[in-house]
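# Structural description and commentary
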Amino acid sequence: MKRTVTIQDISCFGKCSLTVALPVISAMGIETAVIPTAVLSTHTGGFTGYTFRDLTGDIPAISDHWKNLDIKFDSVYTGYLGSVEQIEIVSGFFDNFRTENNFIVVDPVLGDNGRFYTGFNEDFAGKMAELCSKADYIIPNMTEACFMLKIPYTESYDRAYIEDILRKLAGLGCKIPVLTGVHFNDTEQGAVAYDSGKDTFYYSFGEHIARSVHGTGDIFASVFTGAVTLGKDLQTALDISVNYTVECIKATIPHFDEIWYGSCFELCIGKLIDMIK
């Protein structure tokens, strides 16, 4: 049985980060260990008055205990990290748990739509880029890619531009960057990956749905991590991740008024299981 560990925050209500990663990857038949970086009563997208407890100080002790137990992982997957200190601690975790037989996935959560999330800035993006240099796969959106590369954000681009961005992301040190939210028209949206070792690009697109649903980036990254952990090739992992994300958005639309804070990914778990067979 494959085993992964995901390192990111947990919102007790709302559908993002660990409340997505744990059930989704587990449903794919993978033992999923977790290191919560913080506990929030709700996620921060649209809620006010939420509680927040920083767990930075707990991460090294968890890591040390696992090291003493000689626990091994087939993959390590990080999502939202809330501070430079957490990035530095996670970088050390990579050093301690990397083996010749596993891989590291970094979802460099920084922002969206050309803007940083609250609390992040250019210095933080630089530290995140350093963490990405230790990863085998990174999964930024266009905003995050531009911030880490220190180039202007744009919503107007062609295939040549996307491929140039991916080559530059690989230049950070990662082996395979995956750029999400890519669209060249109003009917399709998806992701593009670049295998720097093979100098080959991989494209995958699904139906573009003009609806913003919270947490879809976490869904994509979690499914992609699970698919690669199961040994799926890069094109198949991309296709499964894009298709499942689209299915989750479609399932959410009829319930959007009641589930505005996240996607109805639970309704699509059966489809995900079918996709990975």
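Scope of this entry: the structure provided in the associated data block. (Residues numbered from 1 in each chain as written. Predicted model: local features only at pLDDT ≥ 70, side-chain atom pairs only at ≥ 80, totals over all residues. Heavy atoms only, no water.)

Turning our attention to helix α1 (residues 18-27). Within the sequence span of α1, burial applies to Leu18, Val20, Ala21, Val24 and Ile25. Each buried residue of α1 lies within a common arc of 155 degrees when the element is viewed along its axis, so the set occupies one face. Here the buried face of α1 lies against β1 (3-13), β2 (31-42), β4 (75-78), α7 (216-229) and α9 (269-276). Two residues or fewer past α1, Gly29 is found with a positive phi of approximately 85 degrees. (Buried < 20%, exposed > 50% of the residue type's maximum accessible area, 1.4 Å probe, protein only. Helix = DSSP H or I, 4+ residues; strand = E, 2+ residues; numbered from the N terminus. Arc of directions from axis to C-beta. Contact = heavy atoms within 4.5 Å.)

Before going further, it helps to spend a moment on the environment of Asn121. The topology assignment puts Asn121 in the loop between β7 (115-116) and α4 (122-132). Among the residues examined, Asn121 registers a relative accessible area of 38% and is labelled partly exposed. Once the C-alpha coordinates of Asn121 and Leu110 are considered, the two residues, 11 residues apart in sequence, prove to be 8.3 Å apart. From its side chain, Asn121 meets the backbone nitrogen of Asp123 in a polar contact 3.1 Å long. Separated by 2.9 Å, the side chain of Asn121 and the backbone nitrogen of Phe124 make a polar contact. (Polar contact = N/O pair within 3.5 Å; in protein donor to acceptor, adjacent residues only side chain to side chain.)

On to the packing of α1 against α7, then. It is the contact of α1 with α7, at a shortest axis distance of 9 Å, that shows an interaxial angle of 35 degrees. Viewed along their axes, α1 and α7 form a crossing whose handedness is right-handed. Counted together, Val20, Ala21, Val24 and Ile25 of α1 and Asp218, Ile219, Ser222 and Val223 of α7 form the full contact between these two elements. (Axes fitted to C-alpha atoms, helices over the stretch in contact; angles between N-to-C directions. Left-handed = near helix turned anticlockwise from the far one by under 90°.)

What follows concerns a negative patch on the surface. On the surface, Asp54, Asp58, Glu85, Glu88 and Glu130 cluster together into a negatively charged patch. Position of Glu88 relative to the elements: it lies in helix α3 (residues 84-97). In this structure Glu88 comes out as partly exposed when scored by relative accessible area, which is 48%. (Patch = residues over 30% accessible without salt bridge, like charges linked within 9 Å, V, L, I, M, F, W, Y side chains within 5 Å. Areas by Shrake-Rupley, 256 points an atom, 1.4 Å probe, with all protein chains shown as cover. Salt bridge = Lys/Arg side-chain N within 4 Å of Asp/Glu carboxyl O. Lys, Arg positive; Asp, Glu negative; His and termini not counted. Charge placed at Lys NZ, Arg CZ, Asp CG, Glu CD.)

Looking now at the pattern of salt bridges. Where charged atoms from two side chains of opposite charge come close, those side chains can pair. According to the stated counting rule, one finds 11 salt bridges in the structure shown. The shortest N-O distance in the salt bridge between Glu31 and Arg3 comes to 3.3 Å. Within this pair, whereas Glu31 is found in strand β2, its partner Arg3 is found in strand β1, the two being separated by 28 residues in sequence. Exposure remark for Arg3: the relative accessible area of 27% places this residue in the partly exposed category. Two residues, Lys168 and Asp164, come together in a salt bridge whose shortest N-O distance is 3.1 Å. On the criterion of helical spacing, the pair formed by Lys168 and Asp164 is a turn pair, its members being four residues apart in helix α6 (residues 159-170). Judged by its relative accessible area of 40%, Lys168 is partly exposed. Each of the salt bridges in this network shares a partner with another, and the network as a whole consists of Arg98, Asp136 and Lys175.

Across eight bridges, the pairing between strand β10 (residues 188-195) and strand β11 (residues 200-207) is antiparallel. Across the sheet, Asp195 pairs through a bridge with Thr200, a residue of β11. The antiparallel pairing of β10 with β11 creates a hairpin that spans four residues between the two strands, and Asp199 there sits at a positive phi of about 50 degrees. (Pairing = 2+ DSSP bridges.)

Here the focus is the packing of aromatic side chains. Going through the model one piece at a time under the given rule, you end up with 20 aromatic pairs. By the ring-pair criterion, three or more aromatic residues cluster together here, those being Tyr157, Tyr161, Phe184, Tyr203 and Phe205. Here the basic side chain of Arg159 rests over the ring of Tyr203, its NZ or CZ set 4.2 Å away from the ring centre. Across from the ring centre of Phe256, 4.4 Å away, lies the NZ or CZ of Arg211, which sits over that ring. (Phe/Tyr/Trp six-rings, centres within 6.5 Å; stacked < 30°, edge-to-face > 60°. Lys NZ or Arg CZ within 6 Å of the ring centre and 35° of its normal.)

So, about the pairing of β2. Looking down a regular strand, the side chains alternate between one sheet face and the other. Sheet analysis places β1 next to β2, joined by nine bridges and oriented parallel. For Val5, the partnering residue across the bridge sits in β2 and is Ala33. In this structure, β2 lies alongside strand β3 (residues 52-54), joined through three bridges in antiparallel fashion. What sits directly across from Ala38, in β3, is Asp54.

What is shown is where atoms sit, not what they do.
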